[in-house]
Each structure stands twice: as C-alpha cells, then as structure tokens.
Amino acid sequence: MGLSHALRPPTGHARWVKRAAFVRDIPTHPLGRELYEHVRNNTAVFDLLREVTLDGLFYRDLTHPEHEWSDDRLWQLLGYSDADGGRYSSRQALLFPEDRLRAHAELQRCNADPERTYDCVLRYQHRDRSTVWVRCRGLVLRDAQGQPVRLLGTHVDFSELQRTREELQRVNRELELRVNDRTRELGETLTRMAESELAHQRTRTRELRQLIEGLPLLVWTTQPDGACDYLSPQWVAYTGIPESEQLGSGWLHQIHPEDRQRVTLAWQSALASVQPFDTEYRIRRHDGVYRWFQTRAVPLPAPEGVSAKWLGSSSDIHERKHLEETLRQRTAALERSNADLEEFAYLASHDLQEPLRTVASYVQLLERQYGSKLDARAHEYIAYAAAGARRMRRLVTDLLDYSRAVATPGELQEADGTAALDNALQSVAALVSETRARVVRAALPRLAIDEASLTRVLQNLLSNALNYRAEVVPQIVVSCQIDGPSAVIAVADNGIGIAPQHQRRIFQMFQRLHSSHDRPGTGVGLALCKRLIERADGQIWLESEVGRGTTFYVRLPLVAATREVRT
Amino acid sequence: MTGPARRLLCVEDNLGDLRLLQEALEILQLPHQLEHVGDGEAALTYLREAQAGKHLWPDAVLLDLNLPRKSGSEVLAELGADPRLRQLRVIVLTTAARERELLVGPQHMTVHFLIKPLDFDDFLGVVETIDHLIRS
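What you see is a predicted model, and the numbers here were worked out from it, not measured in a lab.

Participant: I would appreciate a short explanation of the pattern of salt bridges in the present structure.
Facilitator: If the charged atoms of two oppositely charged side chains come close together, the side chains can form a pair. Evaluated as defined, the whole model comprises 45 salt bridges over all chains. With its nearest N and O atoms 2.9 Å apart, the salt bridge here joins A:Arg109 to A:Glu106. Within this pair, A:Arg109 and its partner A:Glu106 are both found in helix H6 (residues 97–112), separated by three residues, close to a single helical turn. Residue classification places A:Arg109 among the partly exposed residues on the basis of a relative accessible area of 40%. Relative accessible area serves as the criterion here: at 3%, A:Glu106 is assigned to the buried category. Through salt bridges with shared partners, a single network forms among A:Arg357, B:Glu12, B:Asp17, B:Asp64 and B:Lys116.

This is how it looks when you write it as structure tokens:
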C-alpha cells in the first residue's frame with residue numbers, strides 16, 4: 001500500500017479534514033518541504049515512519065465497521081505472525097472487554113467533535129495470555145458532508161512502561177506494607193515496654209509507699225503551689241483527723257498556734273524560691289498534746305518548665321527538743337548558781353575580813369597593852385584566839401583567790417613552765433631549807449595557761465609535798481613528759497601518802513585530811529589547783545600509796561599545739 | 001612624833017575600827033582630834049553644817065567605803081560635785097581586796113586610797129601615813 005494513496009482522501013467518499021492539531025502547514029524550510037514532497041510521492045517514507053516510530057497501524061471503514069486493515073507490526077506486537085492475523089474480528093476480540101467499550105466511547109466522542117484526536121490506552125491479550133498495553137491514537141476522516149467515514153489508528157506499546165509502573169506500584173505497596181508492619185511492630189514493642197515500665201513503676205511506687213508508710217515519719221506531698229495532696233497514714237493516725245479534711249491547707253490547723261505564722265512564712269518562702277524547707281514546729285496529736293517535729297521538704301525533680309511538686313517528711317524530735325530545753329535550763333541554772341557561788345564567795349570572804357580584822361587587831365592590842373599584866377593562862381587564851389584569827393585569815397584569802405579564779409575567755413594564755421617552777425620553788429624556799437628537803441627538777445615547756453595560775457598550782461603542790469612529809473628527809477621530783485599536744489607534769493614526793501578512799505575528796509573545797517595542829521592548810525589549795533587547771537582545759541589527778549608517797553599529775557596543753565589548733 | 005594637831009572627820013560605822021584608830025593615834029602619840037559620824041548621810045550633813053559655820057572645818061576626812069545609808073563612793077561623788085567641798089582632803093580607808101571597786105575619786109578632787117590591813121602592827125604604819133598626808 002503506497003503512501004500517496006494512504007494520505008489521499010478517499011475519492012467520492014471521504015475527504016481529508018485539515019486539523020490544526022494534527023496536520024500542519026507545509027514547512028517553510030526547504031528540507032522540510034522536500035520531506036513533505038517525499039511523503040506525498042514516496043511510500044517508503046511512510047513505511048519507514050510506520051516501522052520505526054509506531055507499533056502498529058490500523059485503518060477502519062466507519063461506514064462498514066467490520067472492514068479494517070491492520071499492519072504486520074500490530075499483529076507482531078500481539079504475538080501473531082503475519083499469517084495468523086489479518087482479520088478484523090481478531091483485533092477487536094483480543095481487546096479487554098471493558099477497553100473495547102472505552103474505545104467505542106472514545107470513537108463516539110471523536111465522531112461528535114471534529115477537533116478531537118482519538119486517544120485512549122487499551123489492553124490486548126497477547127497470544128501468550130500476557131497483557132499488552134497500548135496507547136492508541138488516531139484520526140477520524142470525514143466525507144464531503146462531514147460524516148465520519150474512516151478511522152486511522154496508531155499503536156504505541158508501553159507495556160514495558162506499564163510493567164515498570166506496576167512494579168513500582170507493587171514495590172511501593174510492598175514498602176508501604178513493610179513500613180506499616182514495622183510501625184505496628186514498633187508500636188507494639190513500645191506499648192509492651194511502656195506497659196512493663198508502668199508495671200515496674202507501679203511496683204516501685206507500691207514498694208516506696210510501703211516503705212514510706214512504715215517509717216516513723218509523717219510523710220506528705222504537695223502541689224507546686226503548696227496545696228497538700230497526700231498525707232501518709234502516720235500523719236492521719238498521729239493527728240486523728242481524716243486525710244480528706246487536711247488536704248490543701250487543712251494540715252495547717254494542726255500546727256501549734258504560736259508556730260503557725262512562722263511556719264506559713266517559711267513554707268511560702270521555700271515555695272517561692274523552690275529551695276528546701278527545714279523547720280521545727282509543734283504538731284497537735286489526736287489527744288490534743290503538741291509534740292515537736294522537724295519537717296524537711298524538697299522540691300521533686302521536674303522537667304524544664306514544669307513546676308515541682310514537693311515531698312515532705314516530719315520526724316518527731318520532741319524528746320530531743322525536751323532534752324535540749326532541759327539541758328539549756330540546767331546549764332543556765334548551773335551557770336547562775338556558779339556565778340552566784342562566786343559572787344557569794346567573793347562577798348563572804350570580803351565581808352569576813354572586817355570582823356576578822358577587828359578580832360585579830362584587838363587580840364594583838366590586848367597582848368600589846370596588857371601583856372605584862374596577864375598570867376600564863378590568859379596568854380594561852382590569847383595565843384589560841386590569835387591562831388584562830390590567823391587561820392581564818394588564810395581561809396578568807398584562799399576563798400578570795402578561789403572566787404577570783406574565773407575564766408577570762410578569748411585570751412590566749414601562755415606560761416613559761418620553767419619560770420613558773422622557779423617562782424613556786426622560791427616561795428617555798430624557807431620550808432625547803434627548814435625541812436632539808438631534796439628537790440630534783442626538770443625543765444618545763446611553754447604551756448597554755450596563765451603563768452600566775454601555773455605558779456600557784458606548782459606552789460600548792462610543792463608545799464603539800466613538804467607539809468605532808470613523812471619521818472624521812474623529804475624528796476621531791478618534778479618531771480615532765482610530752483604527750484602529743486599536751487604535757488604532763490609530775491610532782492612526786494616520798495611523804496605520808498593518801499589513802500585511796502580520800503583521794504577523790506582532797507580536790508573538794510575545805511576538805512582536809514589532817515587537823516590544823518598537825519599540818520597547816522585550809523583545804524582550799526587543791527580545790528583551787530583543780531579549778532585553775534580545768535579552767536585551762538587541763539587535768540589534775542594523783543597516784544598515792546600510804547607510807548610511800550604521792551605523785552600529783554598535771555596535764556596541760558602545749559602552747560605550740562594550741563596555736564596550731566586555733567589558727 | 002608630835003606636831004601640830006589636825007582636825008579629822010572620821011566617817012566609820014564600825015566603832016571597833018574607830019577605837020582602833022584612836023588607840024593607834026595614842027600609841028603613836030599623835031595629837032590629832034577626831035570627829036566621828038556613823039554613815040555617809042551624816043558625813044554630808046556634818047560637812048554642809050561646817051560650811052555654814054556650825055562645826056569647825058576639818059583638815060581631812062577619813063572615809064570608809066562600806067557605809068550604811070549612803071556609801072563612801074556616793075559621798076565622794078557628792079563632795080566632788082561641790083566647788084567648796086571638793087577642796088577637802090579625803091583619805092579613803094578600805095578593806096583589802098576591794099579591787100572590784102574603782103579606786104578613783106571624782107574629777108578636780110584629790111583622794112588618797114589606803115588599805116586597812118589585817119594586822120594591827122601594819123595598821124600602825126597606815127596611821128603614820130595618814131599623819132604624813134594631813135601634815136603636808
């Protein structure tokens with residue numbers, strides 16, 4: 001079939017309708033014109049185009065639709081050789097039924113609208129029963145009256161494209177399914193995890209609650225604004241008031257009226273600053289008794305931007321508080337009575353001096369003015385009176401010394417031990433030579449005590465060692481041992497010794513073991529020593545054996561050690 | 001030991017002490033004349049009356065600190081506040097170890113502080129000191 005024949009309108013029956021969309025004007029380019037000329041005159045051009053660019057061509061008589069010509073390529077596309085096909089009914093029969101209807105509908109639209117190009121996608125059943133997708137485009141040719149008489153159709157195979165598209169869709173669907181599956185799995189896993197976590201949390205919460213409710217504490221929680229939202233059973237049991245009546249700010253009614261305002265202010269301040277709350281106050285017990293509690297509350301950890309809830313606990317500190325108060329009162333009472341005692345000792349000793357002076361002076365005056373007129377018995381009386389007055393005078397001065405030995409706080413005391421011992425020995429020098437005592441002495445370190453006190457103590461110990469001597473030549477050994485941050489001074493004698501039952505008593509005021517006739521002394525000396533030593537954070541004690549001698553020990557802090565501690 | 005006699009106002013509630021002073025003056029053969037009042041208030045009354053010419057003006061006042069009705073310190077303060085009375089020579093006699101009290105007289109006034117000793121022989125020494133002070 002020649003090209004010129006194909007493009008020439010069927011004589012008498014059909015006319016080539018020029019349509020803008022399909023048939024262009026003859027190109028102005030010379031080569032374009034030449035090509036058009038070839039198309040007009042040479043069927044080889046038509047054949048080339050048909051074979052290279054199209055996958056089949058059919059030409060159909062619309063006045064007799066059973067007549068149709070279709071080319072080899074179309075049949076090859078459908079799996080038939082040239083010999084097998086060639087019949088009109090076959091092509092139509094190979095169309096999918098619903099596509100046949102669509103093709104017919106498209107033809108009707110084209111018949112009705114001369115401007116329309118036939119264009120639809122059709123499916124054929126290949127000879128091997130696979131599907132062949134074809135884009136079918138065509139042109140309706142009309143006769144002189146404009147009646148459609150022929151349909152020229154072209155096929156372009158896009159089965160490959162369609163298969164790719166289907167494959168893509170399938171892959172997409174599959175992917176989608178897989179994604180869905182994975183999402184579902186993930187969701188299920190998460191749900192399972194969450195459930196397990198939740199169960200764990202519930203267990204933990206239950207355990208914690210059991211723990212909290214087993215503690216000897218009143219536990220509670222509040223909202224970020226301080227409104228109470230949980231009170232432990234202990235609280236309810238303690239106050240004897242149902243939890244529901246105490247939530248919010250109801251608990252405040254159980255606080256002692258004297259503490260309430262202070263507690264409210266402290267609590268509001270803690271809430272405002274989100275700082276831990278720690279306050280002591282009294283809470284009313286079910287029987288109306290108020291007991292002291294220490295209450296601590298902390299803001300619970302909360303994510304950024306979320307206000308913290310509070311967890312609080314109140315522990316009963318009533319006993320401690322009570323003890324503290326008792327201790328404070330006792331200490332104050334002791335301090336008072338101690339101060340009173342010192343004041344009393346001072347005033348008593350002072351006021352005792354006046355009458356004493358009168359007695360002593362007149363006894364002296366009596367002896368002075370009338371001594372020559374008195375007999376021996378009168379002189380004896382006067383001697384006793386004078387001795388009593390002397391003794392009284394010593395008591396009074398000792399008592400004064402004792403009452404003056406009041407701590408001077410804050411002052412760093414420092415004594416040259418050796419100098420203090422020198423002075424002490426000097427003050428007992430007369431007694432030493434009188435008793436022919438042998439004294440062995442050691443160098444003493446610098447000690448944290450005022451030097452006058454240390455001298456006084458050493459003097460007391462030395463004179464005791466001399467006064468309570470045995471019937472042998474007195475031997476006194478003063479030695480010193482450094483023991484860590486302190487020094488222990490020992491004053492050992494070979495005197496009469498002190499029986500164990502008396503050893504504690506001798507440090508008490510006015511306690512004497514011997515009559516004043518046998519041994520001088522007022523019973524104040526060792527009490528004063530103890531007071532002076534203890535005032536300097538030291539200790540004094542003794543070891544003694546009756547008939548063998550006594551060793552007094554004085555432990556005092558060393559100056560260097562004291563400085564280290566204080567700086 | 002003798003010299004011109006001085007007039008002394010002794011402010012002392014303890015008659016034993018007064019007598020002791022008299023005895024000491026006698027033993028030391030000091031001719032000073034003693035006037036005596038028993039408390040602080042009486043002392044001030046006496047001195048104001050002396051100002052008014054009712055008594056002879058004393059050369060010195062021996063003042064005990066521990067006095068009834070008005071203490072020695074209060075008497076000192078009132079004397080110091082009076083331009084004429086503050087001219088008086090005042091010797092305070094106080095018992096030993098009164099160190100808690102401030103041994104300082106009022107401004108613009110010369111006050112001597114002497115300790116009453118426990119021993120009579122020592123007391124004689126104190127009285128000799130008083131004698132020196134009131135003669136100077």
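So much for the structure itself; the text now carries on.
Participant: I tried to follow the confidence of the model for chain A on my own but got confused; where do I start?
Facilitator: Detailed reading of predicted coordinates is not advised where the pLDDT is low. All names here are of chain A. Per-residue pLDDT for chain A averages 82, and the proportion of residues at 70 or more is 88%. When the criterion is pLDDT under 50, residues 1–22 qualifies, and its contacts beyond four places in sequence or with other chains add up to 42 contacts. Confidence drops under pLDDT 50 across residues 561–567; counting only partners more than four residues distant or on other chains, this segment forms eight contacts.

Participant: Explain the interface of chain A and chain B to me, please; I cannot follow it from the model alone.
Facilitator: A common measure of how large an interface is: the accessible area buried when the components associate. Across the contact, 18 residues belong to chain A and 21 residues belong to chain B. Summed over the three residues of chain A that lose the most area to chain B, namely A:Tyr346, A:Glu354 and A:Arg357, the buried surface amounts to 30% of that side. Linking chain A with chain B are two salt bridges, by the criterion used here. Residue B:Asp17 is joined to A:Arg357 by a salt bridge in which the shortest nitrogen-to-oxygen separation is 2.4 Å. Run the count over chain A and chain B and you get six residue pairs in polar contact (both at pLDDT 80 or more). Listing elements by their share of the side of chain A that touches chain B, those giving two or more residues are helix H11 (318–370) and helix H12 (376–404) of chain A. At 15 residues, the largest contribution of residues to the side of chain A that touches chain B is made by H11(A). Here the side of chain A that touches chain B is built from residues that sort into five nonpolar, six polar and seven charged.

Participant: Is there a simple way to explain the packing of helix H15 (residues 451–467) of chain A against helix H16 (residues 525–535) of chain A in this structure?
Facilitator: Residue and element names in this part refer to chain A. Closest axis-to-axis distance for the H15/H16 pair is 9 Å, and the angle between their directions is 145 degrees. Taken as a pair, H15 and H16 cross one another with a handedness that is left-handed. For the pair H15 and H16, contact is made by Ser453, Arg456, Val457, Asn460, Leu461 and Asn464 and by Gly525, Leu526, Leu528, Cys529, Leu532, Ile533 and Arg535, respectively. Here the contact of H15 with H16 is composed, by residue class, of seven nonpolar, four polar and two charged.

Here is what the cut-offs are and how they apply
Residues numbered from 1 in each chain as written. Chains lettered and ligands numbered in written order. Predicted model: local features only at pLDDT ≥ 70, side-chain atom pairs only at ≥ 80, totals over all residues. Heavy atoms only, no water. Salt bridge = Lys/Arg side-chain N within 4 Å of Asp/Glu carboxyl O. Helix = DSSP H or I, 4+ residues; strand = E, 2+ residues; numbered from the N terminus. Buried < 20%, exposed > 50% of the residue type's maximum accessible area, 1.4 Å probe, protein only. pLDDT = per-residue confidence, 0-100. Contact = heavy atoms within 4.5 Å. Buried area = accessible area lost by both parts, 1.4 Å probe. Polar contact = N/O pair within 3.5 Å; in protein donor to acceptor, adjacent residues only side chain to side chain. Nonpolar A, V, L, I, M, F, W, Y, C, P; charged D, E, K, R; others polar. Axes fitted to C-alpha atoms, helices over the stretch in contact; angles between N-to-C directions. Left-handed = near helix turned anticlockwise from the far one by under 90°.

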